[in-house]
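What follows is each chain in one-letter form.
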Amino acid sequence: MTALVEPTTLAGLRLNSHFVMAPMTRNHSPGGVPTAEVAAYYRRRAEGGVGLIVTEGTLIGHPSASHETDVPRLTPGAAEAGWRVVTGSVHEAGGRIAAQLWHLGSLREPVDGYPAWTPDTMAGRDFGELLEAYAESARTAVSANFDAVEIHAAHGYLLDEFLWPHTNHRTDRYGGGPRGRATFPAEVIRAVKAELPPTMPLIMRFSQFKERDYAARIAETPAELGTILTTFAEAGADVLHASQRRFWEPVFAGHRENLAGWAKRLTGLPTITVGSVGLTGRPLDELGERHARGEFDLVALGRILLGNPCWVHLAAAGRTAEIRDYRKADEDIYY
Ligand SMILES: Cc1cc2nc3c(=O)[nH]c(=O)nc-3n(C[C@H](O)[C@H](O)[C@H](O)COP(=O)(O)O)c2cc1C
């Protein structure tokens, strides 16, 4: 813990600690506009010792992204103004904040007959429309004073559906082997990167598992993973956020390294690890040991922060008696 609570830099961004708040959808933004309550919620985590907040998934401005009305958008106008208040609150508390850009792909509920957009159904102008929507959200992130942008390409949503052979049967340049499957996500990286000032980091979040299939994999071998992640790096990703459910689980048989460890080894980019930190009684020593060995640079915290905005401070001070155990019901509180 000692090294992890020290300040650090991530792709040039100065952070108060090595801890990241993982993106968590909370449905507290009526009409897609984050409120003062949302600003206070994120500010509390910055005050509690988190160095970098990654927002909940924010929707790009395209009707295919989602029909959800309480999920925040990252689009010009009211949502942009709401986010400006959020970023200001986090900055006042000494924190940094990245916006996560989200398109649900086939996991969008089919409402009013609007068809889900998936790798297999997208055609022609659809690609350009989505690239422009991602670019618009990136411009909005800049004007709303975010410090970084994260592209959500994990957990079975649209960009991950391109990466996963099970949901990508295209035979054109967007399909086939790992490089083809990574092509559209890489085009999104390029479109977003083109809107960001050169000093503003772009984080790419990816996973093997899907929300609806924990055993799924985008890469069966280190070589396949290397091809996908190198494609991201070449397109302009500055940081890789390797999502897994438990940070100590190996990815490939015969190797102890976790997904962030592989991402770092295969690309040389800084990485963020995540997965059940502080949840199961798994000793934090192992997290520190893996970090000391250089397996990852930063550590994201998800569920433990729901009931413990100050978890970083409490854990660092050894005040474990004051830490509330995570319970599923924590997902219903908003504080
Ligand atoms: C309520 C909830 C909402 C989530 N929403 C998102 C999201 O919008 N985007 C995303 O990339 N991951 C999302 N996740 C996954 C988390 O970012 C994180 O990877 C996961 O909770 C594992 O970390 P933990 O074990 O520390 O909770 C969500 C998780 C939870 C519990």
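With an unreviewed UniProt entry as reference, the chain is termed 12-oxophytodienoate reductase, source organism Paractinoplanes globisporus. Recorded in UniProt for the chain, the comment headed Cofactor (unreviewed entry) runs: "FMN".

Draft legend 1. Spatial organisation of the sheet that holds strand β8 (residues 239-243). Sheet architecture is closed into a barrel: 8 strands sit in the order β3-β4-β5-β6-β7-β8-β9-β10, paired in parallel fashion. The mean inter-strand angle of the sheet, taken between neighbouring strand axes irrespective of direction, is 25°. By the bridge criterion, 2 bridges tie strand β3 (residues 19-21) to strand β4 (residues 52-59) in an arrangement that is parallel. Across the sheet, V20 pairs through a bridge with L52, a residue of β4. Set on the sheet, helix α6 (residues 183-193) makes contact with β5 (96-102), β6 (148-155) and β7 (202-210); between it and β7 the angle comes to about 155°.

Draft legend 2. Spotlight on the site of the ligand. Taken together, 17 residues form the shell around the ligand, and within it P23, T25, R205, S276 and R303 come nearest. Here P23 contributes a backbone N or O atom positioned 2.7 Å from an oxygen atom of the ligand. Take R303: an N or O atom from its side chain is 2.7 Å from an oxygen atom of the ligand. Of the residues belonging to the shell around the ligand, the class tally is 6 nonpolar, 8 polar and 3 charged.

Draft legend 3. Layout of helix α8 (residues 259-267). Taken residue by residue, α8 has L259, A260, G261, W262 and A263 as its buried positions. If you follow the buried residues of α8, they end up packed against β7, α7 (222-235), β8 and β9 (271-274). Between a side-chain oxygen at the N-terminus of α8 and the backbone nitrogen of A260 the separation is 3.0 Å; the capping residue is N258. Just downstream of α8 lies G268, where phi reads positive at about 80°.

The rules we used
Residues numbered from 1 in each chain as written. Predicted model: local features only at pLDDT ≥ 70, side-chain atom pairs only at ≥ 80, totals over all residues. Heavy atoms only, no water. UniProt positions renumbered as here; feature names shortened; annotations may be inferred. Pairing = 2+ DSSP bridges. Helix = DSSP H or I, 4+ residues; strand = E, 2+ residues; numbered from the N terminus. Axes fitted to C-alpha atoms, helices over the stretch in contact; angles between N-to-C directions. Contact = heavy atoms within 4.5 Å. Near = heavy atom within 4 Å. Polar contact = N/O pair within 3.5 Å; in protein donor to acceptor, adjacent residues only side chain to side chain. Nonpolar A, V, L, I, M, F, W, Y, C, P; charged D, E, K, R; others polar. Buried < 20%, exposed > 50% of the residue type's maximum accessible area, 1.4 Å probe, protein only.

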